[in-house]
Amino acid sequence: MVGVNSDLCKSVGLIIKELRIKDTFRQRPFLTAGHNDETRLSMLFNAVAICHQTRNLYSPGHQLYGWDYIEFVFSELANNKSPLLIPEFVSELSLQELQELLLSAFSDNGNPAESTLDTIEERAGLYSNLSKHILKFHFGSCRNLLTQSKNLLFNSGAGFYELLQNTEAFGDPMRKKSSFLAKLLFDANLYSVEDEANYVPIVDYHMQRVLLRLGCIEVNDPELDFKLKNKKLLDSDQPVREASIDAFRIISEVSGHKLWVMNDFFWPMGRSCCNETTLCESKVCIKNPCTFHLMIESGMHNRCIFDKVCCGFLSGTPAAYFEPMVKTHYY
């Protein structure tokens, strides 16, 4: 149903090869704050657990959207020594109590009724399940889970991916959240692995959209093509995600950047430059400031770095494709 255009992936990889991620990106407080390791790990584990479908998540007071708002909230929880970062405390809460506390945390004035954190029942369930799992199987410590993995993603059932897949939040067989968490742990210097080749590239909906528009992945099924171009609900996005994973492996190899660094190029591109509007057409990003420009050393930001190879732009239909529309808590 969906194939990979290897030649185009290589061309994109050559462009990515010349780009550099700004030092400030990895020096942000969420990754570098001077809390003890267990607090820092709890921030990352729990933030990723509830990070999915964040289109509506917004803080008017702080002018933060989606993941940026999640980082801010969990940084504040750590700064204020919130018990929401302690598995023992969370495990004793009812789901209703946890929902109220999360809504309050994601509100500019602490009023749960004014929070934009939607699907709260689902998010609270994932949060609670993760805390109970850490408490029951890892003595209440995220560090114990990492130690048990022996710095391996796969380890005869006891690797990082394998230990996490027993939780609801990280149960995705294509490991998007698990890979995102691993990437954050790497960036924060809290974890490393010896089997990097087993890393599964992060693929979220922004990144799928960019690869579809670039032409790095090609849709060969007319029905799926129609649905992707017209925002029709799909039962599964697996064909697109599988092809995206293969495409990122090629781009990573050609560019020389690690597989997890693909996220740092394509997520901000899809979030800002190639979203509902496109930089190549409108000359402005949907985000102000542009996430891609904040993260990447790209010089003048008046054109898309991919416009010379992008099939969508070259054909005059840069926004023909949208990401697969699916209901999921995997990303």
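In case you missed it, the structure is sitting above this.
Residues numbered from 1 in each chain as written. Predicted model: local features only at pLDDT ≥ 70, side-chain atom pairs only at ≥ 80, totals over all residues. Heavy atoms only, no water.

A. Local environment of the overall build of the protein. Regarding its fold elements, the protein presents 18 helices and 6 strands. On C-alpha atoms alone, the protein measures out to a radius of gyration of 20 Å, which is about the 20 Å that the 2.2 N^0.38 rule sets for 331 residues. Each of the three principal axes of the protein carries a C-alpha extent, and together these read 55 × 45 × 40 Å. Residue burial in the protein is summarised as follows: out of 331 residues, 57% are buried. For the protein, contacts bridging at least 24 residues in sequence account for 70% of all contacts bridging at least 6. Of the roughly 14400 Å² that the protein leaves accessible, carbon and sulfur atoms contribute 51%. (Helix = DSSP H or I, 4+ residues; strand = E, 2+ residues; numbered from the N terminus. Rg over C-alpha atoms; globule rule 2.2 N^0.38 Å. Buried < 20%, exposed > 50% of the residue type's maximum accessible area, 1.4 Å probe, protein only. Contact = heavy atoms within 4.5 Å. Areas by Shrake-Rupley, 256 points an atom, 1.4 Å probe, with all protein chains shown as cover.)

B. Examining the environment of Gly-215 more closely. Relative to the helices and strands, Gly-215 resides in the loop between helix H12 (205-214) and strand E5 (217-219). With residues up to four places along the chain from it excluded, the contact list for Gly-215 reads Asn-5, Leu-8 and Cys-311.

C. How the structure looks around helix H7 (residues 95-105). Within H7, burial applies to Leu-98, Gln-99, Leu-102 and Leu-103. For H7, the arc enclosing every buried residue in end-on projection is 130 degrees, short of the 170-degree limit, so these residues lie on one face. (Arc of directions from axis to C-beta.)

D. Focus on the side chain of Ser-82. Its location among the elements puts Ser-82 in the loop between helix H5 (66-79) and helix H6 (87-92). Among the polar contacts made by the side chain of Ser-82, one reaches the main-chain amide nitrogen of Leu-84 at a distance of 3.0 Å. (Polar contact = N/O pair within 3.5 Å; in protein donor to acceptor, adjacent residues only side chain to side chain.)

E. Broad picture of the nonpolar core. Residues Phe-160 and Phe-266 are the most contacted members of the largest nonpolar core, which totals 110 residues. Not counting chain neighbours up to four residues away, the residues in contact with Phe-266 comprise Val-12, Ile-16, Met-207, Val-210, Leu-211, Leu-214, Phe-248, Ile-251 and Phe-306. (Core = buried A, V, L, I, M, F, W, Y, C linked by side-chain atoms within 4.5 Å.)

F. Representation of a nonpolar patch on the surface. Together, Ile-86, Phe-89 and Leu-101 give the surface a local cluster of nonpolar side chains, amounting to about 220 Å² of exposed area. For Ile-86, the location among the structural elements is in the loop between H5 and H6. When its relative accessible area of 40% is taken as the criterion, Ile-86 is described as partly exposed. (Patch = residues over 30% accessible without salt bridge, like charges linked within 9 Å, V, L, I, M, F, W, Y side chains within 5 Å. Salt bridge = Lys/Arg side-chain N within 4 Å of Asp/Glu carboxyl O.)

G. Molecular detail of the packing of H12 against helix H14 (residues 238-255). At a closest axis distance of 10 Å, the pairing of H12 and H14 adopts a crossing angle of 75 degrees. Between H12 and H14, the interaxial angle falls into the category roughly perpendicular. In this structure, H12 uses Met-207, Gln-208, Leu-211 and Leu-212 to contact H14, whose residues at the interface are Val-240, Arg-241, Ser-244, Ala-247, Phe-248 and Ile-251. Of the residues belonging to the contact of H12 with H14, the class tally is 7 nonpolar, 2 polar and 1 charged. (Axes fitted to C-alpha atoms, helices over the stretch in contact; angles between N-to-C directions. Parallel < 35°, antiparallel > 145°, perpendicular 65-115°, else oblique. Nonpolar A, V, L, I, M, F, W, Y, C, P; charged D, E, K, R; others polar.)

H. Representation of the pattern of salt bridges. Scanning the model with the defined rule gives 19 salt bridges in all. Between Arg-20 and Asp-23 there is a salt bridge, with its nearest N and O atoms 3.1 Å apart.

I. Fine view of the packing of aromatic side chains. Enumeration according to the criterion identifies 16 aromatic pairs in this entry. Site record: aromatic cluster; members linked through ring pairs are Phe-154, Phe-160, Tyr-161, Phe-186, Tyr-191, Tyr-199 and Trp-260. The ring of Tyr-205 carries Arg-55 above its face, with NZ or CZ at 4.1 Å from the centroid. Directly above the ring of Phe-322 sits Lys-231, whose terminal nitrogen or CZ lies 4.6 Å from the centroid. (Phe/Tyr/Trp six-rings, centres within 6.5 Å; stacked < 30°, edge-to-face > 60°. Lys NZ or Arg CZ within 6 Å of the ring centre and 35° of its normal.)

J. Inspection of unusual backbone geometry at higher detail. Look at the link from Asn-288 to Pro-289: it is a cis peptide, with omega at 10 degrees. Take Pro-289: it is sitting in the loop between helix H16 (279-282) and helix H17 (291-295). Unlike most non-glycine residues, Thr-119 shows phi in positive territory, near 40 degrees. By the secondary structure assignment, Thr-119 is in the loop between H7 and helix H8 (120-137). Backbone geometry places Phe-139, a non-glycine residue, at a positive phi of 55 degrees. Looking at the element boundaries, Phe-139 is found in the loop between H8 and helix H9 (142-149).

Note that all results are geometric; they support no functional claim without further evidence.
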